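Descriptive analysis of the structure
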Amino acid sequence: MATIASTPGASTPGASAPGTTARGRRPSGERTALLGWSAANLLILGISLVPLLWLVSLSFKTPASITDGSFIPNEWTLENYRGIFGESLFTRALLNSLGIALISTVLAVVLGSMAAYAIARLAFPGKRLLIGLALLIAMFPQISLVSPLFNLWRQIGIFDTWIGLIIPYLTFSLPLAIYTLSAFFREIPWDLEKAAQVDGATPLQAFLRVIAPLAAPGMVTTAILVFIFCWNDFLFAISLTSTEQSRTVPAAIAFFTGASQFAQPIGSIAAAAVVITIPIIIFVLLFQRRIVAGLTSGAVKG
Amino acid sequence: MADIVLDHVTKRFPDGRLAVDDASLSITDGEFVILVGPSGCGKSTTLNMIAGLEDITTGELRIGGKMVNDLAPKDRDIAMVFQSYALYPHMTVRKNMGFALALAKRPKDEINRKVEEAAQVLDLTEHLDRKPAQLSGGQRQRVAMGRAIVRSPKAFLMDEPLSNLDAKLRVQMRTEVSRLQNRLGTTTVYVTHDQTEAMTLGDRVAVLRSGRIQQVGTPTELYSRPATVFVAGFIGSPAMNFVPATLEEGELRTPFGTITPDDRQRRLLEGWNGGAAGGRSLIVGARPEHFEDAALEQVKDRPGPRFTVTVDVLERLGSDSYAYFTVAGGRARAADLEELAHDAGTVDLASGDPQIVARLDAVSRIREGENAELWLDTDQLHLFDPDTGRNLDAPAAT
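Computed from a prediction, not measured in an experiment: that's the story for all the values here.

Quick notes on the rules
- Residues numbered from 1 in each chain as written.
- Chains lettered and ligands numbered in written order.
- Predicted model: local features only at pLDDT ≥ 70, side-chain atom pairs only at ≥ 80, totals over all residues.
- Heavy atoms only, no water.
- Helix = DSSP H or I, 4+ residues; strand = E, 2+ residues; numbered from the N terminus.
- Buried < 20%, exposed > 50% of the residue type's maximum accessible area, 1.4 Å probe, protein only.
- Contact = heavy atoms within 4.5 Å.
- Areas by Shrake-Rupley, 256 points an atom, 1.4 Å probe, with all protein chains shown as cover.
- Lys, Arg positive; Asp, Glu negative; His and termini not counted.
- Charge placed at Lys NZ, Arg CZ, Asp CG, Glu CD.
- Patch = residues over 30% accessible without salt bridge, like charges linked within 9 Å, V, L, I, M, F, W, Y side chains within 5 Å.
- Salt bridge = Lys/Arg side-chain N within 4 Å of Asp/Glu carboxyl O.
- Pairing = 2+ DSSP bridges.
- Axes fitted to C-alpha atoms, helices over the stretch in contact; angles between N-to-C directions.
- Core = buried A, V, L, I, M, F, W, Y, C linked by side-chain atoms within 4.5 Å.
- Domains from an automatic or database assignment.
- Polar contact = N/O pair within 3.5 Å; in protein donor to acceptor, adjacent residues only side chain to side chain.
- Nonpolar A, V, L, I, M, F, W, Y, C, P; charged D, E, K, R; others polar.
- Parallel < 35°, antiparallel > 145°, perpendicular 65-115°, else oblique.
- Left-handed = near helix turned anticlockwise from the far one by under 90°.
- Phe/Tyr/Trp six-rings, centres within 6.5 Å; stacked < 30°, edge-to-face > 60°.
- Lys NZ or Arg CZ within 6 Å of the ring centre and 35° of its normal.

Before going further, it helps to examine the overall build of chain B. Across its full length, chain B holds 10 helices and 21 strands. The principal-axis extents of the C-alpha atoms in chain B amount to approximately 75 × 45 × 35 Å. Looking at the 398 residues of chain B, the share that counts as buried comes to 52%. Put simply, of all contacts in chain B between residues at least 6 apart along the chain, 70% involve residues at least 24 apart. When the accessible surface of chain B is split by element, carbon and sulfur atoms take 46% of a total near 17,900 Å². The distance from the centre of the 47 positive side-chain charges to the centre of the 57 negative ones in chain B is 8 Å.

Residues and elements named next belong to chain A. Judged by side-chain polarity, Leu42, Leu45, Leu49, Val50, Leu52, Leu53, Trp54, Phe71, Ile72, Trp76, Ile281 and Leu285 come together as a nonpolar surface patch covering roughly 1,200 Å² of accessible area. Elements represented by at least two residues in the nonpolar patch include exactly α1 (26-59) and α11 (266-295). Looking at which element gives the most residues to the nonpolar patch, the answer is α1, with 7 residues. By the element assignment, Leu52 lies in helix α1. According to the relative accessible area criterion, Leu52 is partly exposed, its value standing at 34%.

Residues and elements named next belong to chain B. Reading across from one edge, β13-β12-β11-β14-β21 is the order of the 5 strands in this open sheet, with antiparallel pairing throughout. Both edges of this open sheet fall to β13 (257-259) and β21 (382-384), since each of them pairs with a single strand only. Adjacent strand axes in the sheet meet at a mean angle of 35°, parallel and antiparallel pairs treated alike. As defined by bridge partners, strand β11 (residues 241-248) adjoins strand β12 (residues 251-254) across 3 bridges and the pair is classed as antiparallel. Across the sheet, Thr246 pairs through a bridge with Arg253, a residue of β12.

A separate point is the sheet that holds strand β19 (residues 355-361) of chain B. Residue and element names in this part refer to chain B. Pairing within the open sheet is antiparallel, and its 3 strands lie in the order β17-β18-β19. Two strands lie at the open edges of the sheet, namely β17 (313-316) and β19, each paired on one side alone. Pairwise comparison of adjacent strand axes, ignoring direction, gives a mean angle of 20° for this sheet. Here β17 pairs with strand β18 (residues 320-326) via 4 bridges, running antiparallel. Its bridge partner lying in β18, Val313 is registered against Tyr324.

Moving on, we come to the nonpolar core. If you look at the biggest cluster of nonpolar residues, it comprises 56 residues, and the most contacted ones within it are Phe185 and Val210 of chain A together with Ile4, Met80, Tyr88, Leu157 and Val189 of chain B. A per-element tally of this core places helix α8 (residues 203-232) of chain A first, with 8 residues. Excluding residues within four positions of it along the chain, Met80 of chain B makes contact with Val198 of chain A together with Leu47, Asn48, Ala51, Leu53, Leu157 and Asp159 of chain B. Ile149, Leu165, Ala232 and Phe384 of chain B belong to the second-largest nonpolar core, a separate cluster that totals 51 residues.

On to the domain arrangement of chain B. Residue and element names in this part refer to chain B. When cut into domains, chain B gives domain 1 (4-226) and domain 2 (231-384). The centre of domain 1, based on its C-alpha atoms, is set 37 Å off from the matching centre of domain 2. Contacts between domain 1 and domain 2 engage 16 residues on the former and 15 residues on the latter. The interface formed by domain 1 and domain 2 includes 0 salt bridges. Applying the counting rule to domain 1 against domain 2 returns 3 residue pairs in polar contact (both at pLDDT 80 or more). The set of elements that each furnish at least two residues to the side of domain 1 that touches domain 2 consists of α6 (195-201), β9 (204-209), β10 (212-217) and α7 (219-224). Looking at the side of domain 1 that touches domain 2, the element that brings in the most residues is α7, giving 3 residues. Of the residues that constitute the side of domain 1 that touches domain 2, the class distribution is 7 nonpolar, 8 polar and 1 charged.

So, on to the pattern of salt bridges. All told, the structure shown has 27 salt bridges over all chains when counted by the stated rule. Residues Arg151 of chain B and Asp199 of chain A are paired through a salt bridge, measuring 3.6 Å at the closest nitrogen-oxygen approach. Taken as a pair, Arg151 of chain B in the loop between α4 (137-149) and β7 (155-159) and Asp199 of chain A in the loop between α7 (190-198) and α8 lie in two separate chains rather than in one. The class of Arg151 of chain B is buried, set by a relative accessible area of 14%. Between Lys114 of chain B and Glu110 of chain B there is a salt bridge, with the nearest N and O atoms lying 3.5 Å from each other. Taken together, the positions of Lys114 of chain B and Glu110 of chain B, both in helix α3 (residues 108-122) and 4 residues apart, correspond to about one turn of that helix. Lys114 of chain B sits in the buried class, given a relative accessible area of 19%. Through salt bridges with shared partners, a single ionic network connects Asp199 of chain A together with Asp77, Arg147 and Arg151 of chain B.

Moving on to the packing of α4 of chain B against helix α5 (residues 167-184) of chain B. The geometry of a pair of packed helices is captured by two quantities: the angle between their axes and the separation between those axes. Residue and element names in this part refer to chain B. Interaxial distance between α4 and α5 falls to 12 Å at its minimum, and their mutual angle equals 15°. Between α4 and α5, the crossing angle belongs to the class labelled roughly parallel. Between α4 and α5 lies a crossing of right-handed hand. Taking contact as the criterion, the partners of Gly138, Gln141, Arg142, Met145 and Ile149 in α4 are, on α5, Leu169, Met173, Val177, Leu180 and Leu184.

Further remarks concern the packing of aromatic side chains. Using the criterion set out here, one finds 24 aromatic pairs over all chains in the structure. Between Phe90 of chain A and Phe256 of chain A the ring centres are 6.2 Å apart and the planes differ by 65°, which places this aromatic pair in the edge-to-face class. Here Phe90 of chain A, found in helix α3 (residues 88-121), pairs with Phe256 of chain A, found in the loop between α10 (249-253) and α11; they are 166 residues apart in sequence, far enough to count as distant. As far as burial versus exposure is concerned, Phe90 of chain A and Phe256 of chain A are alike and both buried. What links up through ring pairs into an aromatic cluster is the set Tyr169, Phe172, Phe229 and Phe236 of chain A. Positioned above the aromatic ring of Trp54 of chain A is the side chain of Lys61 of chain A, whose terminal nitrogen or guanidinium carbon lies 5.4 Å from the ring centre. The ring of Tyr223 of chain B has Arg287 of chain B lying over it, and the distance from NZ or CZ to the ring centre is 3.9 Å.

Structure representation (structure tokens):
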């Protein structure tokens with residue numbers, strides 16, 4: 001999985017083409033290209049990082065200086081962070097977010113593994129249909145599901161519960177899991193299972209003791225992708241919850257009121273946003289190679 | 001240990017393709033049997049059916065006298081060595097070799113003892129705690145063998161176990177496999193597409209062609225009395241030469257000259273009532289070693305046709321030389337030969353006059369590009385019916 005270069009700036013396709021004849025011109029050509037790439041990278045990095053840094057900056061500002069427009073806070077304060085962790089609105093939401101995202105992830109990986117294993121290994125009638133349906137569901141506009149789900153959930157009594165969020169999360173993350181995992185399973189030589197069977201393993205033993213350990217990188221990748229999807233979701237969270245009982249952080253942030261009745265909650269919102277971004281950043285930094293591998297799955301050797 | 005019996009076994013895939021057609025083969029206890037044939041002939045499918053990795057469509061498979069058609073692979077007590085070795089990459093060599101025993105819930109010390117014994121035999125002791133990725137190709141191959149022998153199963157099934165090794169190692173491992181099988185005396189079925197492996201390893205060899213067993217016999221039988229043109233062309237290296245011939249007035253007119261059949265051949269020709277259309281043309285097969293330089297002392301007084309050819313290429317191997325030349329008179333045609341050419345990848349070359357290979361004594365003074373007089377030992381000729389591909393010498397219907 002090391003085949004995917006994570007930093008396009010390191011390779012300079014423009015300058016690497018001709019052979020020995022261009023030796024005299026090469027250093028200067030390479031330098032120009034390097035410069036160009038660095039500039040482009042910096043620009044993109046700047047564009048994508050400024051809003052994030054602005055958020056961090058806001059989270060450290062006092063309510064009075066929120067609107068002063070300076071990038072670096074004049075007055076540093078941790079009051080916003082202290083404020084949100086003192087409120088059950090946020091802490092309870094954090095718990096909900098963690099619980100719902102983790103349960104959805106585990107379920108998606110377990111169910112997805114089984115489905116992906118079947119898709120990668122067996123020829124059964126309706127296999128193409130299943131793959132097609134999974135893809136269709138993944139492409140389905142989520143917003144179109146929200147109002148029917150809202151009504152349905154209220155009637156069957158799972159509105160504003162963890163399960164009420166886990167189900168739609170599974171709907172959209174399972175196709176992703178099945179796609180990613182089946183690509184990983186396909187990379188595992190079939191002979192290994194045959195060998196395990198001849199060695200005396202039942203199909204379940206062969207899966208648990210031979211296939212699953214080898215597919216572990218794929219499962220980790222899938223788990224991360226699913227977790228990020230559930231963790232970041234706002235649409236379902238805001239539509240299918242109504243109380244602290246099951247409201248997740250992205251939804252809870254919308255209900256922040258500020259320290260006093262008259263203060264704007266911008267500082268707290270920024271602080272909460274930073275807090276829930278941190279796990280994602282850690283995940284992405286730790287597993288960036290795996291995530292790229294998962295997104296380009298198929299080009300990967302498990 | 002046990003015998004393996006295939007009783008009219010047929011395999012038809014769900015898409016309707018017939019992979020194995022009515023195969024009957026009886027392998028006695030402790031025997032080393034080779035299934036050989038070109039790719040796609042059904043040999044691996046046959047092996048997988050014995051292992052239980054493929055279902056049997058019709059027919060019966062018995063291991064140790066017991067019908068096992070519906071038994072799962074794990075209940076058949078057989079071990080298999082795969083072409084890819086199929087070592088578990090996440091386990092050490094020790095775990096790999098002991099996996100089957102661990103699954104059978106054997107006590108730890110027994111597993112350890114057996115694994116270490118097997119490692120000793122295969123010279124793997126120092127690698128026991130390494131992962132397969134850290135081993136060389138030959139070592140991996142030995143681990144795969146070790147995984148099979150640790151269990152002392154009823155039978156070994158080997159699916160081209162040596163084909164991923166380089167040529168030198170393959171020859172070395174070939175003798176190793178042979179020694180191991182002699183020592184353990186376990187019934188072994190070995191699949192290969194390499195006729196040299198088949199000839200050197202097996203007690204008996206079964207030649208398969210498009211799902212049908214063509215002939216079963218000892219290597220010597222296959223070589224000296226091939227039942228069909230296919231077997232004749234497949235077994236032996238360099239391959240047997242085939243030329244068309246016609247039978248006129250009791251004599252064979254071949255591109256090598258007119259041959260007067262000896263008593264054995266005369267009997268065969270009399271018993272043969274011509275091709276399907278009553279034709280009198282047939283295929284004559286001559287092995288390279290049945291040619292000789294006519295100038296040499298040892299063939300001077302022997303009967304047989306002498307003919308002059310231009311030697312295109314002469315390969316001197318030291319012990320003997322191979323002379324390549326063409327003779328006029330067209331190419332022998334039979335479905336078997338076309339399939340062989342397909343397998344060898346020489347189908348494009350199959351036009352014009354056939355190329356003949358002759359193995360000559362090293363003392364021969366024949367030189368490349370010059371005319372040479374060659375002699376053919378007609379006693380050894382094989383006569384084939386061009387329509388059925390059968391050797392006239394073979395008993396009807398195997």
